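Here is how the chains run, residue by residue.
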Amino acid sequence: MDKTDINILRCLKKNARLTASSISEEIGLSVSAVIERIRKMENSGVIRGYTIEVDPRVTGNNMVALMEVSLRHPDYYEGFVDLIKESDCIAACYYQTGEFDFVLRIVTDSTEGLDDAYKIVKGYEGVEKTETHIVLRTIKEEMGSIPEGFGL
């Protein structure tokens, strides 16, 4: 990856629906070169996919909580991961070091929805303890990070 690839990624991060022509104009590269670079980044796995950003205030899913979870024993890891992957209201799951094994980002429409997610997690036999934090306001949330460097 070079500075041009980074600039293409920045354009796509702002709007993944930009045409190669628009990107070409913005970064000063031919359309065919932009297309080829995007294709290479897709094939190499740098670009894993394209998605949409949904406004939770409009969809009604504006209840966000972070739940820390500790398992009783590492033997419960696989089963817990499978449980999390099946749950639609768990938007993110991070395996981490420290006192808790996981941090979950739960997105739902109400305290009742949060309670349902809580019951799913706490109901798993391998869960030893949890701590839940209600998010009052999201200050920053980015969907993809772009490498720094290249003198940019």
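Residues numbered from 1 in each chain as written. Predicted model: local features only at pLDDT ≥ 70, side-chain atom pairs only at ≥ 80, totals over all residues. Heavy atoms only, no water.

## Thoughts on the overall build of the protein
Our working rule: Each helix is a run of DSSP H or I of at least 4 residues and each strand a run of E of at least 2, with the numbering of both proceeding from the N terminus. Just to be clear, the radius of gyration here is over C-alpha atoms, and the globule rule we use is 2.2 Å times residues to the power 0.38. Whether a residue is buried, partly exposed or exposed follows from its accessible area with a 1.4 Å probe, protein chains only, as a fraction of its type maximum: under 20%, in between, or over 50%, in that order. Whether two residues are in contact is decided by their heavy atoms: any pair within 4.5 Å suffices. For the charge count, each Lys or Arg is scored as positive and each Asp or Glu as negative, with His and the chain ends excluded. Positions of charges follow a simple convention, taking NZ of Lys, CZ of Arg, CG of Asp or CD of Glu.
Along the backbone of the protein there are six helices and four strands. Beginning at the N terminus, the succession of helices and strands in the protein can be written as α-α-α-α-β-α-β-β-α-β. Relative to its length of 152 residues, the protein is extended, with a C-alpha radius of gyration of 20 Å against a globular reference of 15 Å. Expressed along its principal axes, the backbone C-alpha trace of the protein runs to roughly 55 × 35 × 25 Å. Per-residue burial for the protein yields a buried fraction of 29% across its 152 residues. Sequence separation of 24 or more characterises 66% of the internal contacts of the protein that already satisfy a separation of 6 or more. Taking the 18 positively charged and 26 negatively charged side chains of the protein as two groups, their mean positions are separated by 7 Å.

## Thoughts on helix α3 (residues 31-44)
The condition that has to hold: To estimate how far a helix should reach, multiply one less than its number of residues by 1.5 Å. Each direction from the helix axis to a C-beta atom contributes to the arc, which is the arc of those directions.
Look at α3: 20 Å from first C-alpha to last across 14 residues, which is about the 20 Å you get at 1.5 Å a residue. Listing the buried residues of α3 in full gives Val34, Ile38 and Met41. The arc that holds the buried residues of α3, viewed along the axis, is 65°, so those residues lie on one side. In this structure, α3 carries Ser32, Lys40, Asn43 and Ser44 as exposed residues pointing more than 90 degrees from its buried face. On the buried face of α3, the contacting elements are α1 (3-14) and α2 (20-27). Phi turns positive, to about 90°, at Gly45, one or two residues after α3.

## Thoughts on the nonpolar core
Put simply, the test is: By nonpolar core we mean a set of buried residues, namely Ala, Val, Leu, Ile, Met, Phe, Trp, Tyr and Cys, connected to one another through side-chain atoms within 4.5 Å.
Val69, Phe80, Leu104, Ile106 and Val121 are the most contacted members of the largest nonpolar core, which has 18 residues in total. Counting only elements with at least two residues in this core, the list comes to β1 (63-71), α5 (77-86), β3 (102-108) and α6 (111-122). Here this core takes five residues from β1, the largest share from any one element. Here Phe80 is in contact with Val69, Leu71, Phe102, Leu104, Val121, Tyr124 and Val127, once residues within four sequence places are set aside.

## Let's talk about the packing of aromatic side chains
Spelled out, the test is: Aromatic pairs are defined between Phe, Tyr and Trp rings, using the six-membered ring for Trp, whenever the two ring centres lie within 6.5 Å; interplanar angles under 30 degrees are classed as stacked, those over 60 as edge-to-face, and all others as tilted.
Applying the stated criterion across every chain, the model contains six aromatic pairs. Aromatic side chains Phe80 and Phe102 sit 4.7 Å apart centroid to centroid with 45° between the ring planes, which places their arrangement in the tilted category. Within this pair, whereas Phe80 is found in helix α5, its partner Phe102 is found in strand β3, the two being separated by 22 residues in sequence. On the basis of relative accessible area, Phe102 is assigned to the buried category, the value being 1%.

## Some thoughts on the packing of α1 against α2
Using the following cut-off: To define axes, lines are fitted to C-alpha atoms, for helices over the stretch in contact only, and angles between the resulting N-to-C directions are given on a 0 to 180 degree scale. If an angle is under 35 degrees, it is roughly parallel; if it is over 145, roughly antiparallel; if it lies from 65 to 115, roughly perpendicular; otherwise it is oblique. A clockwise turn of the near helix away from the far one marks a right-handed crossing, whereas an anticlockwise turn of less than a right angle marks a left-handed crossing.
Packing of α1 against α2 leaves a shortest axis separation of 10 Å and a crossing angle of 125°. In terms of axis orientation, α1 runs oblique to α2. For α1 against α2, the interelement crossing comes out right-handed. Residues Thr4, Asn7, Ile8, Cys11, Leu12 and Lys14 of α1 touch α2, and the partners they reach there are Ile23, Glu26 and Ile27.

## Details of α1
Quick note on the threshold: Pairing of N or O atoms within 3.5 Å defines a polar contact, subject to two protein rules: one partner must be a possible hydrogen donor and the other a possible acceptor, and residues neighboring in sequence count only if both atoms are side-chain atoms.
With 12 residues, α1 extends 17 Å between its outermost C-alpha atoms, agreeing within 8% with the 16 Å of an ideal straight helix rising 1.5 Å per residue. When α1 is considered as a whole, its buried residues turn out to be Asp5, Ile6, Ile8, Leu9, Cys11 and Leu12. Structurally, the start of α1 carries an N-cap: the backbone nitrogen of Thr4 is 3.1 Å from a side-chain oxygen of Asp2.

## What to know about the environment of Met1
Looking at the element boundaries, Met1 is found in the segment before α1. Judged by relative accessible area, Met1 falls into the partly exposed class, the value being 44%. Sequence separation between Met1 and Met41 is 40 residues; the distance between their C-alpha atoms is 8.6 Å.

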